[in-house]
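What the coordinates show
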Amino acid sequence: MQQGFSPEGYIIDQNCFGAYRYRTIPSSINGCGWIAAFDFLHALAIPVTWRQVLSEMDAMYPVKEPGPTPEEFLYQYLLRYTSFTVSYGKKAVLRASYTAQAGILRYWEEGEPHFVPFVRQEQKLFRFFNVIDGMEDCTFTMSEFIKQRCVVPVLRAVTAGSKELIVR
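Residues numbered from 1 in each chain as written. Predicted model: local features only at pLDDT ≥ 70, side-chain atom pairs only at ≥ 80, totals over all residues. Heavy atoms only, no water.

Looking now at the nonpolar core. Across soluble globular proteins, nonpolar side chains show a tendency to be buried alongside one another. The biggest cluster of nonpolar side chains holds 37 residues, and the ones touching the most others in it are Trp34, Phe40, Val53 and Leu78. Broken down by secondary-structure element, the contributors of at least two residues to this core are helix 2 (32-43), helix 3 (50-59), helix 4 (71-78), strand 3 (84-88), strand 4 (102-109), strand 5 (112-120) and strand 8 (156-160). Look past the residues within four positions of Leu78 in its chain and what remains in contact with it is Ala37, Phe40, Leu41, Phe84, Ile104 and Val158. Counting residues in hydrophobic clusters, the runner-up holds 19 residues, among them Val93, Tyr107, Met135 and Met142. (Core = buried A, V, L, I, M, F, W, Y, C linked by side-chain atoms within 4.5 Å. Buried < 20%, exposed > 50% of the residue type's maximum accessible area, 1.4 Å probe, protein only. Helix = DSSP H or I, 4+ residues; strand = E, 2+ residues; numbered from the N terminus. Contact = heavy atoms within 4.5 Å.)

Have a look at this one:
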């Protein structure tokens, strides 16, 4: 198994990608957007490599400057490969998670915006990747994860498998 990956091929630890630049700085600092995109597409069995996702997303920026991935860029990128649902707010995210096969949460972690990919494990359980150090690969219900990690009320999710607000 390659360092930073789960046995199933998900990226679980962006700290292992410091040698790869994204938006002019190491991915270990601001790679959560492209990493979440890769894991989301991987969960949907869409054949892309992590290097391809990193390269394609980085190429989307006409001016290379450091910073987190804007949500609009993430949506534009994902639309190249699949359709998805965007949910805003805790109630909508919880509702979308009931039928989601996989997704990406956008919330604030330790004062910084963060993208975290997730995949369904069982009926109510999800596996979350690349949360923070010590929580690189963890399992929660969506409600538990939101309660424990999403303390700032700004919360969004991209999901596949949901039925509302499908973006094409």
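The tally for this structure, following the rule as stated, stands at 19 aromatic pairs. Ring geometry for Tyr20 and Trp50: centres 4.8 Å apart, planes at 80°, overall edge-to-face. One end of the pair, Tyr20, is in the segment before strand 1 (21-22); the other, Trp50, is in helix 3, with 30 residues separating them in the sequence. Note on Tyr20: relative accessible area 26%, which makes it partly exposed. The positively charged end of Arg23 is found above the aromatic ring belonging to Tyr61, 4.2 Å away from the centroid. (Phe/Tyr/Trp six-rings, centres within 6.5 Å; stacked < 30°, edge-to-face > 60°. Lys NZ or Arg CZ within 6 Å of the ring centre and 35° of its normal.)

Before going further, it helps to spend a moment on the packing of helix 2 against helix 4. The contact between helix 2 and helix 4 brings their axes to 11 Å, and the two run at 30°. Judged by the angle between their axes, helix 2 and helix 4 are roughly parallel. The hand of the helix 2/helix 4 crossing is right-handed. Within the contact between the two elements, helix 2 uses Gly33, Ala37, Phe40 and Leu41 and helix 4 uses Leu74, Tyr77 and Leu78. A class-by-class count of the residues in the contact of helix 2 with helix 4 yields 6 nonpolar, 1 polar and no charged. (Axes fitted to C-alpha atoms, helices over the stretch in contact; angles between N-to-C directions. Parallel < 35°, antiparallel > 145°, perpendicular 65-115°, else oblique. Left-handed = near helix turned anticlockwise from the far one by under 90°. Nonpolar A, V, L, I, M, F, W, Y, C, P; charged D, E, K, R; others polar.)

The complete set of buried residues in helix 3 reads Trp50, Val53, Leu54, Met57 and Asp58. Viewed end-on, helix 3 has its buried residues packed into an arc of 120°, placing them on one side of the element. In this fold, the buried residues of helix 3 make contact with strand 1, helix 1 (27-30), helix 2 and helix 4. (Arc of directions from axis to C-beta.)

Turning our eyes to something else, we now look at a nonpolar patch on the surface. A contiguous nonpolar surface patch, about 340 Å² in accessible area, is contributed by Trp108, Val151, Val152 and Val154. Structurally, Val154 is set in the loop between helix 6 (142-149) and strand 8. Among the residues examined, Val154 registers a relative accessible area of 37% and is labelled partly exposed. (Patch = residues over 30% accessible without salt bridge, like charges linked within 9 Å, V, L, I, M, F, W, Y side chains within 5 Å. Areas by Shrake-Rupley, 256 points an atom, 1.4 Å probe, with all protein chains shown as cover. Salt bridge = Lys/Arg side-chain N within 4 Å of Asp/Glu carboxyl O.)

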